[in-house]
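Listed here are the chains, written in short residue letters.
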Amino acid sequence: MSGQLMGWDDTIVALATPPGIGAIGVIRVSGKKTFDVMNELFPSKDLHQQATHTIHVGFLKEGEQVLDEVVLSLFRNPKSYTGEDVIEISCHGSPFIQQQVMAAITSRGVRLAKPGEFTQRAFLNGKLDLAQAEAVADLIASNTAASQKAAMHTMRGGFSNDLQALREQLISFSAMIELELDFSQEDVEFADRTALNNLIHTLSMATHRLLHSFRLGNVIKNGVQVAIIGKPNAGKSTLLNALLNENRAIVSDIAGTTRDTVEEVLNIDGILFRLIDTAGIREHTQDLVESIGIEKSLEKMRAADIVLYLFDINEITPEQLQQISGDLTREDINHLLVANKCDLQSEALQQQFSALFSNIIFIAARDNRGIDLVKQELVARTIGGQVNTESTIVTNARHYDALLKLAGALDDVQLGLDQKVPGDLLALDIRQALHYLGTITGQITNEDQLDFIFSKFCIGK
Ligand code: GDP
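These remarks concern the structure in this document. All of these numbers come straight from a predicted model, not from anything done at the bench.

Looking only at helices and strands, the protein has 16 helices and twelve strands in total. Looking at the 461 residues of the protein, the share that counts as buried comes to 48%. Partitioning the intrachain contacts of the protein with sequence separation of at least 6 by distance along the chain shows that 67% fall at a separation of at least 24. Entry remark: accessible area of the protein is about 22400 Å², with carbon and sulfur atoms responsible for 52%.

See the structure below:
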């Protein structure tokens, strides 16, 4: 694959730290000319003579002009992030200095790196497979413990190992079939059909497990949409504030999510919860569910992964609540009933409600009572006990799509086995399945696809 890609042979440079003022700015240079160019700018030592993985303090100079006092970290091909010769320059974090250093480097035939180009080179040099490379971008974008964990697992090759296992099984399956093809004249069946059936079944199960994990993966990566719904004065703002008090999350924009509604973001146990339409709650607009059935609030509830239906326990009868809960259930809305203002009520009434509803929580938002229960329940409904296992979670839509196609191809193989189709037809379907697997890890790619994937990275990575 090398050599075919445009600009693949160039030496590239980029600022790896965020632009602006900071204590230190890191500039990365990668490619064949790295040591030549840096040697010209760093007169105190001959960098060509220095060993890989060493650091060097000295002045960067453009002629007689001192640009900065810097620390250089040297990595020689192939033992570097990109697999090429790499030098990382830690200079002072002034945009002016960084610009001067970049200009000195680019004036020597080094070009600015495209977004993700360092990682793209790491992929092309076999340092990472595609799934791992994509996880690098996810890791940088991760803003909770759970998303960091999922991205790290993939980056370290957890997902790739799973896929490799699938691949090996498929190849052994196909080897059995191909063997049969060689002897097709003689009408023998080498490949034991029961063993083949079992193998395809196992493969199918593993693929479906990965597909299934995507729902959770998506949640981990993008957060869970939560809507707080209830009549005016039920205590929605009070609950919102109580939830936000300890758990307001600091988030940067997450790529690929639109923000057309005002939302607040909570981080509970490492999972992001996005409280949608919080403007509506704060402004006390009347359209926020006077009664269930209003189209607009239904829309809002359908958009949410979880709905908290909040009500004043002193203002509702069990019959009325049954009606509302029944409506929500019929609409297939994943909801929790949250009874507020329990400070004004006797335990007896609560017991009456608990006997009737399984998904009810009693709180007094104003006194911060029961808020932890709300949080626990939000987490429980989201992960259903899945997250603390070390198993692979698919978080990437491209991988999901490929796995879906893989599952389809495996179904075709299974169907072929059931209908006892000839081995050469089976072999065709298996090749198709292998193809889809290969697109995930990057054994099968095209240039456009690669450019698209890496264009979503930040510059300098
Ligand atoms: P919203 O219209 O649903 O947003 O309701 P608010 O959060 O503005 O609350 C309406 C009123 O109920 C306010 O006066 C709150 O102080 C009061 N309130 C909220 N939670 C509680 C509670 O747990 N107990 C009591 N007694 N009053 C509450």
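Once the structure has been displayed, the description carries forward.
Counting buried residues in strand S2 (residues 24–30) gives six out of seven residues, a clear majority hidden from the surface. Sheet analysis places strand S1 (residues 12–15) next to S2, joined by four bridges and oriented antiparallel. The residue of S2 that forms the bridge with Ile12 is Ser30. Sheet topology places S2 next to strand S5 (residues 86–92); seven bridges connect them, and they run antiparallel. Looking at the pairing, Ser30 lines up with Val86 of S5.

This next bit is on the pattern of salt bridges. For the coordinates displayed, the defined rule picks out 18 salt bridges. With a shortest N-O distance of 2.6 Å, Asp10 and Arg111 are connected by a salt bridge. Of the two residues, Asp10 sits in the segment before S1 while Arg111 sits in strand S6 (residues 111–112), which places them 101 residues apart along the sequence. Ionic pairing is found between Lys341 and Asp312, a salt bridge with its closest N-O pair at 3.5 Å. With a gap of 29 residues between them, Lys341 in the loop between strand S11 (335–340) and helix H12 (347–356) and Asp312 in strand S10 (residues 306–312) connect regions that are remote in the sequence. Three or more residues joined by partner-sharing salt bridges are found here, namely Asp10, Glu84, Arg111, Glu117 and Arg121.

Applying the stated rule across the entire model yields two cavities of 30 Å³ or more. Put simply, the largest cavity is a space of about 70 Å³. Taken together, 13 residues form the lining of the largest cavity, with Asp138, Thr154, Thr395, Asn396 and His399 sitting closest to its centre. Broken down by secondary-structure element, the contributors of at least two residues to the lining of the largest cavity are helix H4 (130–141) and helix H5 (145–155). Of all the elements, H4 adds the most residues to the lining of the largest cavity, at four residues. For the lining of the largest cavity, a count of residues per class yields seven nonpolar, four polar and two charged. Empty space within the second largest cavity amounts to approximately 30 Å³. Lining the second largest cavity, in full, are Ser160, Leu163, Gln164, Arg167, Leu437, Thr441 and Gln443. Of all elements in the fold, only helix H6 (158–182) and helix H15 (423–441) reach the threshold of two or more residues within the lining of the second largest cavity. Take the lining of the second largest cavity: its biggest share by element is four residues, from H6.

The rules we used
Residues numbered from 1 in each chain as written. Predicted model: local features only at pLDDT ≥ 70, side-chain atom pairs only at ≥ 80, totals over all residues. Heavy atoms only, no water. Helix = DSSP H or I, 4+ residues; strand = E, 2+ residues; numbered from the N terminus. Buried < 20%, exposed > 50% of the residue type's maximum accessible area, 1.4 Å probe, protein only. Contact = heavy atoms within 4.5 Å. Areas by Shrake-Rupley, 256 points an atom, 1.4 Å probe, with all protein chains shown as cover. Pairing = 2+ DSSP bridges. Salt bridge = Lys/Arg side-chain N within 4 Å of Asp/Glu carboxyl O. 1 Å grid on protein atoms, 1.4 Å probe; cavity = no way out; pocket = protein on both sides within 12 Å on 5 of 7 lines; lining within 4 Å. Points joined across faces, edges and corners; volume = space filled by probe spheres on them. Nonpolar A, V, L, I, M, F, W, Y, C, P; charged D, E, K, R; others polar.

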